[in-house]
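Geometric and topological summary
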Amino acid sequence: MNHSNSASNKPIVHMDKVNKYFGSLHVLQDIDLEITPGEVVVIIGASGSGKSTLIRCVNGLEEFQNGHIEVDGNELLPNGKSSKALQTIRTEVGMVFQQFNLFPHLSVRDNVTLAPIKVRRLDRGRATEIANKLLERVGISDQADKYPSQLSGGQQQRVALARALAMEPRLMLFDEPTSALDPEMIGEVLDAMRELANEGMTMMIVTHEMGFAREVADRVIYIHGGQIVEQGSPREVFDNPQHERTQNFLSRVL
Ligand code: ADP
Ligand code: MG
């Protein structure tokens, strides 16, 4: 959600003419993108259009070849030449993937306390306090002593969300967080994300959940062939798409 009275309108994500290649494949083409603090941006597009690559560039999981990316004032340079900024960005940007990627040998609670202890150097007591609060917030405090394999997919994904939030991120990235879930578990994960959006978290979300996008997004971006074809409010993009490609895509998914 956008708070018009927010202290700063300086973008937290700034991408300028970003290009990315996998070999000869031009996967991102002149991407210009600014995201303001508190904004919720949903990225839609067909499989293979570059959605994952785009958000993975924001936390340095993918290198880009030219252009400029700045995240909360930290500059990522092309071809991975920016290791110091990268470390800072990794601690400030949380990510939730399609696959939950929890540590299987750690309890739910220990999954959440690990990074704050190892990276933020919190003592165990303080980290546990924070973890307990976050697990309660995502509705799984009663599962804290279990192992990931003992949880449903929806519960595991909510643990993954709590684990990311434990680092007090300035920005959260989501790459199809509900795509691997059984249908009956999608709602509980979207509910937790909706709550986070309402609390003012800055979020970039790749999703095929168009109803959720319509409800939660401040801005919807449609990408095709590594290019931003169209963007606007959910109303603009869903109800009145300007480009034929957007219209075709939406007619297939809505
Ligand atoms: P989306 O998330 O929209 O489905 P991706 O960002 O995963 O799309 O992929 C964009 C394009 O880049 C696709 O053509 C995909 O095949 C290609 N691609 C993705 N990852 C790699 C990789 N590691 N090596 C080579 N090509 C890749
Ligand atoms: Mg993808």
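Rules used throughout
- Residues numbered from 1 in each chain as written.
- Chains lettered and ligands numbered in written order.
- Predicted model: local features only at pLDDT ≥ 70, side-chain atom pairs only at ≥ 80, totals over all residues.
- Heavy atoms only, no water.
- UniProt positions renumbered as here; feature names shortened; annotations may be inferred.
- Helix = DSSP H or I, 4+ residues; strand = E, 2+ residues; numbered from the N terminus.
- Axes fitted to C-alpha atoms, helices over the stretch in contact; angles between N-to-C directions.
- Parallel < 35°, antiparallel > 145°, perpendicular 65-115°, else oblique.
- Left-handed = near helix turned anticlockwise from the far one by under 90°.
- Contact = heavy atoms within 4.5 Å.
- Phe/Tyr/Trp six-rings, centres within 6.5 Å; stacked < 30°, edge-to-face > 60°.
- Lys NZ or Arg CZ within 6 Å of the ring centre and 35° of its normal.
- Near = heavy atom within 4 Å.
- Polar contact = N/O pair within 3.5 Å; in protein donor to acceptor, adjacent residues only side chain to side chain.
- Areas by Shrake-Rupley, 256 points an atom, 1.4 Å probe, with all protein chains shown as cover.
- Pairing = 2+ DSSP bridges.

**Some thoughts on the UniProt feature "domain: ABC transporter" (unreviewed entry) in the chain**
- Taking the UniProt record as the reference, the feature "domain: ABC transporter" (unreviewed entry) is found at residues 13-250.
- Measuring from the first to the last C-alpha atom of residues 13-250 gives 27 Å, for a span that is 39% helix and 25% strand.

**A short note on the packing of helix α5 (residues 153-165) against helix α6 (residues 183-198)**
- The N-to-C vectors of α5 and α6 enclose an angle of 20°; their axes lie 8 Å apart at closest approach. Regarding the angle of α5 to α6, the classification is roughly parallel. Note on packing geometry: the crossing formed by α5 with α6 is right-handed. Along its contact with α5, which presents G153, G154, Q155, Q157, R158, L161 and L165, the element α6 presents M185, E188, V189, A192 and L196.

**Structural notes on the packing of aromatic side chains**
- Evaluation of the coordinates by the stated rule reveals one aromatic pair.
- Positioned over the ring face of F22 is K20, at 4.3 Å from the centre of the ring.
- The aromatic ring of F103 is capped on one face by R163, whose charged end is 5.1 Å from the ring centroid.

**Here we look at the site of ligand 1**
- In the vicinity of ligand 1, the residues found are F22, L25, V27, A46, S47, G48, S49, G50, K51, S52 and T53.
- With respect to ligand 1, the backbone of G48 contributes an N or O atom lying 2.7 Å from an oxygen atom.
- In the complex, 58% of the free accessible area of ligand 1, which totals 560 Å², lies under the protein chains.
- Among the secondary structure elements, those contributing two or more residues to the shell around ligand 1 are β2 (25-35) and α1 (51-58).

**Thoughts on the pairing of strand β10 (residues 227-232)**
- Relative to β10, strand β9 (residues 219-224) is paired through five bridges, and the arrangement is antiparallel. Bridge pairing in β10 links V220 to G232.
- Hairpin connection of β9 to β10: two residues between the antiparallel strands, including G225 at a positive phi of 55°.

**Focus on the sheet that holds β9**
- Read across the open sheet, the six strands follow the order β6-β7-β8-β3-β9-β10; overall the sheet is mixed. The open sheet has two edge strands with one neighbour each: β6 (93-96) and β10. If you compare each strand with its neighbour and ignore which way they point, the axes differ by 20° on average.
- Judged from the four bridges that link them, strand β3 (residues 40-44) and strand β8 (residues 203-206) form a sheet pairing that is parallel. In the sheet register, V42 faces β8, and the bridge partner there is I205.
- In this fold helix α2 (residues 83-92) packs onto β6 and β7 (171-175), with an angle of close to 60° to the strand it touches most, β6.
- Together, β3, β7 and β8 form the strand contacts of α6, whose direction differs from that of β8 by roughly 150°.

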